[in-house]
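Letter by letter, the chains look like this.
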Amino acid sequence: MSTKSSPRTSARPRLGSPNRRERAPDYRAAGSPAPLQFRPIHTRRAFEEICERIREQLALGVLKPGDKLPAERDLAHQLGVSRNVLREALRSLEMAGVLRLQKGVKGGAFIQEGDTSRMNDVMRDMLSLGTISVRELSEARVHVLDLVVRLACANARAADLDALEANVERTDLATHEGRLLDRVECSREFYKLLATATGNKVIAMIMDSVTEIHMRFVYAKVASSGVAMARLAEKRRQFLAALRERNVSSATRLMRTHLESVQRMLEQDPGAMSLHVALAEVQPGARR
């Protein structure tokens, strides 16, 4: 006689709810190291990839300042993107100072010459965001100028010294004619010329960025009070004489003394060194 046996039910693992998160095993308790964990890779946006491609061509020397990129339709086809995405990338590179976008029959996207003044915007943004303070900026300017003066003493050419001398003459004339705001512009130009005399473009860029904002304070002070540094042209001539003699210690001392005098003048007005002044739209050199 055959007997029917009841079907055996195989043991199955219990499935948790699909919305239930599995508890991660505690590897520390087991005494074994935890496995490496990597975050998922997210593909960068298409316009960022386009910007990177163009920058690569610059780095390789395939593209140079003044070169024109292919027509928009052709470039979009080569890159396999829509023209809207391409335009977004080109605008981004224009804002970064890499491209110049020109309209018209002879227009297009052209590789820009390097614009060192863009560091000024970076410094101003850092002030706005609170990354750096006005005090830090003023302190940095003093130390940067120490380096600038030493390098200018070593590297200044005759043409650099002549340009500085012509600037001092314009400063003297503006003083005698009572054009104090024009004299502020002369001061701004003086520091640009001095930075150029170092022969180092990186130093000149740093110098320009810290000076540009500082000259805003000077401009605002002179514009609001009519007060300006006394005997400025005379002090400039003394400094220039030390520079021509390649006298580093004398030139450095004269520059430090002048900067300290300017700082004291500004600090007499509590609002002269405010963040509002540094970020104001009024540019040094603007006419009133």
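Let me sum up the structure you'll find in this document. (Residues numbered from 1 in each chain as written. Predicted model: local features only at pLDDT ≥ 70, side-chain atom pairs only at ≥ 80, totals over all residues. Heavy atoms only, no water.)

Turning next to the overall build of the protein chain. Each helix and strand in the protein chain was counted, giving 12 helices and 2 strands. Secondary structure of the protein chain in N-to-C order comes out as α-α-α-α-β-β-α-α-α-α-α-α-α-α. Counting only residues that meet the buried cut, the protein chain has 34% of its 288 residues in that class. Within the protein chain, contacts between residues at least 6 apart in sequence are counted, and of these 73% link residues at least 24 apart. Taken as a whole, the protein chain presents about 19000 Å² of accessible surface, with 53% of it coming from carbon and sulfur. (Helix = DSSP H or I, 4+ residues; strand = E, 2+ residues; numbered from the N terminus. Buried < 20%, exposed > 50% of the residue type's maximum accessible area, 1.4 Å probe, protein only. Contact = heavy atoms within 4.5 Å. Areas by Shrake-Rupley, 256 points an atom, 1.4 Å probe, with all protein chains shown as cover.)

Bringing the packing of helix α7 (residues 158-176) against helix α10 (residues 232-244) into the picture now. Contact geometry of α7 with α10 gives a least axis separation of 9 Å together with a crossing angle of 170 degrees. When the axes of α7 and α10 are compared, the pair comes out roughly antiparallel. Residues Leu161, Asp162, Leu164, Glu165, Val168, Glu169, Thr171 and Asp172 of α7 touch α10, and the partners they reach there are Leu232, Ala233, Arg236, Arg237, Leu240, Leu243 and Arg244. Residue classes in the contact of α7 with α10 are distributed as 7 nonpolar, 1 polar and 7 charged. (Axes fitted to C-alpha atoms, helices over the stretch in contact; angles between N-to-C directions. Parallel < 35°, antiparallel > 145°, perpendicular 65-115°, else oblique. Nonpolar A, V, L, I, M, F, W, Y, C, P; charged D, E, K, R; others polar.)

Looking at where Thr171 falls in the secondary structure, it is placed in helix α7. Under the relative-accessibility criterion, Thr171 is labelled buried at 0%. Contact partners of Thr171, with chain neighbours within four places excluded, come to Arg183, Cys186 and Leu232.

Before going further, it helps to examine the pattern of salt bridges. Going through the model one piece at a time under the given rule, you end up with 18 salt bridges. With its nearest N and O atoms 3.2 Å apart, the salt bridge here joins Glu169 to Arg237. Highlighted residues: Glu169 in helix α7 and Arg237 in helix α10, separated in sequence by 68 residues. Overall, the relative accessible area of 40% leaves Glu169 in the partly exposed class. When its relative accessible area of 35% is taken as the criterion, Arg237 is described as partly exposed. Each of Glu72, Arg83 and Arg87 takes part in a single network of salt bridges with overlapping partners. (Salt bridge = Lys/Arg side-chain N within 4 Å of Asp/Glu carboxyl O.)

All right, on to the pairing of strand β1 (residues 99-102) then. The pairing of β1 with strand β2 (residues 108-111) spans 4 bridges and is antiparallel. Looking at β2, one finds that Leu101 is bridged to Ala109. The loop that links β1 with its antiparallel partner β2 comprises 5 residues; one of these, Gly104, has a positive phi angle of about 105 degrees. (Pairing = 2+ DSSP bridges.)

Further remarks concern the packing of aromatic side chains. For any pair of aromatic rings, geometry is given as the distance between the ring centres together with the angle between the planes. In total, this model carries 2 aromatic pairs according to the counting rule given. Plain terms: the ring middles of Phe190 and Tyr191 are 5.6 Å apart, the flat faces sit at 85 degrees to each other, and that makes the pair edge-to-face. Note on Phe190 and Phe239: the rings are 6.1 Å apart at their centroids and 65 degrees apart in plane angle, and the pair reads as edge-to-face. Here the residue Phe190 occupies a position in helix α8 (residues 180-196), and Phe239 occupies one in helix α10, the gap between them amounting to 49 residues. Like Phe190, the residue Phe239 is buried in the burial classification. Site record: aromatic cluster; members linked through ring pairs are Phe190, Tyr191 and Phe239. Looking at Arg236, its charged tip hangs above the ring of Phe190, at a distance of 4.1 Å from the centre. (Phe/Tyr/Trp six-rings, centres within 6.5 Å; stacked < 30°, edge-to-face > 60°. Lys NZ or Arg CZ within 6 Å of the ring centre and 35° of its normal.)

The end-to-end C-alpha separation of helix α6 (residues 134-155) is 31 Å, in line with the 32 Å expected for 22 residues at 1.5 Å each. For α6, the full list of buried residues reads Val134, Leu137, Ser138, Arg141, Val144, Leu145, Asp146, Val148, Val149, Ala152 and Cys153. (Expected span 1.5 Å × (residues − 1).)

All right, on to the nonpolar core then. In terms of nonpolar packing, the biggest core is built from 44 residues, with Leu145, Phe190, Tyr191, Leu194, Phe239, Leu243 and Met255 touching the most fellow members. Those elements that provide at least two residues to this core are α5 (118-128), α6, α7, α8, α9 (201-225), α10 and α11 (248-267). The greatest single-element share of this core, amounting to 10 residues, is contributed by α9. In this structure Met255 touches Leu145, Val149, Phe190, Tyr191, Leu194 and Phe239, once residues within four positions along its chain are discounted. (Core = buried A, V, L, I, M, F, W, Y, C linked by side-chain atoms within 4.5 Å.)

Before going further, it helps to examine the environment of Phe47. Relative to the helices and strands, Phe47 is located in helix α2 (residues 46-60). Note on Phe47: relative accessible area 13%, which makes it buried. The spatial distance from the C-alpha of Phe47 to the C-alpha of Arg91 is 9.8 Å, given a sequence separation of 44 residues. Apart from the residues within four sequence positions on either side, Phe47 is in contact with Val85, Glu88, Ala89 and Ser92.

It is worth spelling out the packing of α6 against α11 at this point. Direction vectors running N to C along α6 and α11 enclose 155 degrees, while the axes themselves pass 9 Å from each other. Relative to α11, α6 is oriented roughly antiparallel. Crossing of α6 over α11 shows right-handed handedness. Note on element contacts: α11 touches α6 through Val248, Ala251, Thr252, Met255, Arg256, Leu259 and Gln263, opposite Ser138, Arg141, Val142, His143, Leu145, Asp146, Val149, Arg150 and Cys153. Its residues assigned to classes, the contact of α6 with α11 comprises 8 nonpolar, 4 polar and 4 charged. (Left-handed = near helix turned anticlockwise from the far one by under 90°.)

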